[in-house]
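Coordinates in review
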Amino acid sequence: MIFEIISTGLLISACLAIFLDEAIYSVSALACTFFFTSLLYLLNDAIYVAIFQFAVAVGTLAILFLSGEMLSTKSENKPSVNKLLILIFAGALISIPTILLSISNPSIVGSGIAFEEALWDLRGMDVVFQGLVLLTVALGTAIILYEKKRRA
Amino acid sequence: MDFVILSLTMMAIGIYGLLTKRDLLKVFMSVELITTGATLNFVMLTSSLGKGLGEAFLILAFSTDTVISGVVLALLVIVCKKYGTSDINEILKTEQKEETL
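Residues numbered from 1 in each chain as written. Chains lettered and ligands numbered in written order. Predicted model: local features only at pLDDT ≥ 70, side-chain atom pairs only at ≥ 80, totals over all residues. Heavy atoms only, no water.

**Some points on the overall build of chain A**
What chain A contains, in helices and strands, is seven helices and zero strands. Along the chain direction, N to C, the helices and strands of chain A fall in the order α-α-α-α-α-α-α. For chain A, buried positions account for 33% of its 152 residues. (Helix = DSSP H or I, 4+ residues; strand = E, 2+ residues; numbered from the N terminus. Buried < 20%, exposed > 50% of the residue type's maximum accessible area, 1.4 Å probe, protein only.)

**Some points on the overall build of chain B**
Of the regular secondary structure elements, chain B holds four helices and zero strands. Reading chain B from its N terminus to its C terminus gives the helix and strand order α-α-α-α. The C-alpha atoms of chain B give a radius of gyration of 18 Å, which is well past the 13 Å a tight globule of 101 residues would have. The principal-axis extents of the C-alpha atoms in chain B amount to approximately 60 × 25 × 15 Å. Counting every position in chain B, which comprises 101 residues, the buried fraction comes to 47%. Within chain B, residue pairs in contact and separated by at least 24 positions form 55% of the contacts whose partners lie at least 6 positions apart. Roughly 5,000 Å² of accessible area belongs to chain B as shown, and the carbon and sulfur atoms make up 68% of that amount. Averaging the positions of the 8 positive and the 10 negative side-chain charges in chain B gives two centres separated by 5 Å. (Rg over C-alpha atoms; globule rule 2.2 N^0.38 Å. Contact = heavy atoms within 4.5 Å. Areas by Shrake-Rupley, 256 points an atom, 1.4 Å probe, with all protein chains shown as cover. Lys, Arg positive; Asp, Glu negative; His and termini not counted. Charge placed at Lys NZ, Arg CZ, Asp CG, Glu CD.)

**Here we look at empty space enclosed by the protein**
Counted under the stated rule, the structure contains one cavity of 30 Å³ or more. Phe34, Gln53, Val56 and Thr60 of chain A together with Glu32, Thr35, Thr36, Thr39, Phe62 and Asp65 of chain B together form the lining of the largest cavity. For the lining of the largest cavity, the elements supplying multiple residues, two or more each, are helix 3 (47-71) of chain A together with helix 2 (24-49) and helix 3 (52-83) of chain B. Its residues assigned to classes, the lining of the largest cavity shows three nonpolar, five polar and two charged. (1 Å grid on protein atoms, 1.4 Å probe; cavity = no way out; pocket = protein on both sides within 12 Å on 5 of 7 lines; lining within 4 Å. Points joined across faces, edges and corners; volume = space filled by probe spheres on them. Nonpolar A, V, L, I, M, F, W, Y, C, P; charged D, E, K, R; others polar.)

**Notes on the interface of chain B and chain A**
Counting residues at the interface gives 44 residues for chain B, matched by 52 residues for chain A. Across the chain B-chain A interface, the total number found is zero salt bridges. Mapped by element, the contributors of at least two residues to the side of chain B that touches chain A are helix 1 (3-20), helix 2 and helix 3 of chain B. Looking at the side of chain B that touches chain A, the element that brings in the most residues is helix 2 of chain B, giving 18 residues. Here the side of chain B that touches chain A is built from residues that sort into 24 nonpolar, 13 polar and seven charged. (Salt bridge = Lys/Arg side-chain N within 4 Å of Asp/Glu carboxyl O.)

**Some thoughts on the layout of surface pockets**
Within this model, the second largest pocket holds a volume of roughly 560 Å³. Forming the walls of the second largest pocket are 15 residues, and the residues nearest its centre are Glu147 and Arg150 of chain A together with Arg22, Asn89 and Leu92 of chain B. Every element with two or more residues in the lining of the second largest pocket is listed here: helix 7 (124-151) of chain A together with helix 1 and helix 4 (88-100) of chain B. Looking at which element gives the most residues to the lining of the second largest pocket, the answer is helix 7 of chain A, with six residues. Broken down by class, the residue content of the lining of the second largest pocket amounts to eight nonpolar, two polar and five charged.

**Some words on the nonpolar core**
Judged by nonpolar contacts, the single largest core of 46 residues is most densely connected at Leu30, Leu40, Tyr41 and Leu64 of chain A together with Leu40 and Leu76 of chain B. Taken together, the elements giving at least two residues each to this core come down to helix 1 (2-19), helix 2 (23-43) and helix 3 of chain A together with helix 1, helix 2 and helix 3 of chain B. Apart from residues no more than four positions distant in its own chain, Leu64 of chain A is found in contact with Val27 and Leu30 of chain A together with Leu25, Phe28, Met29 and Leu73 of chain B. (Core = buried A, V, L, I, M, F, W, Y, C linked by side-chain atoms within 4.5 Å.)

**A few points about the environment of Ile91 of chain B**
Relative to the helices and strands, Ile91 of chain B resides in helix 4. Sequence separation between Ile91 of chain B and Val79 of chain B is twelve residues, and the spatial gap between their C-alpha atoms is 8.7 Å.

Right under this line is the structure:
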């Protein structure tokens, strides 16, 4: 149950970090995201990674707070309660598949092989990375073509 | 509860922010979310398999990510000071105006 609550909080804070307009509020939401991530690592017995993530997050956030303050246009608009509630609701809605669905089913990959095992031991990760690289190249090409067409 | 879906969702939020937001700081934060989602997946995989070496590599990845973040933020501040705005469209417009002059 604790994992579900933390992942819901993680996704809500990620949504807030992206969609809040004011830089300081979004950096604060990003701080919550890093904190929840660190908590997830800690609960999953990855203690060293959790500590390191926490330390790294503190450094990154300090720089982000400073640069956010430097770059913001000094408009102290507080986010409206309605927008905040909508964002929290959207984040909670997005986290439903995370809680309910499961793709780590051994029957998906093959007999007797867990999904994680296939990714880590059977070089499935390489295939995933190659797919990501191809996707990035395709996306970049599409953007360049779109920009060329727009300028022409 | 599945951490693969959680990390994919986080990456999807980050990619959405990367494609739609025009503010440089937001773009940088979207990239941070994408990397956090990716590392979350790897940490959960290694910890569930009990492989300490994977965690060691991830710590290395974390430190590299932080250094890159510092450099990118420094460049971001320089760009914003030069053009007076952090909006990508505004920066492109100013650049095009300078080119035509």
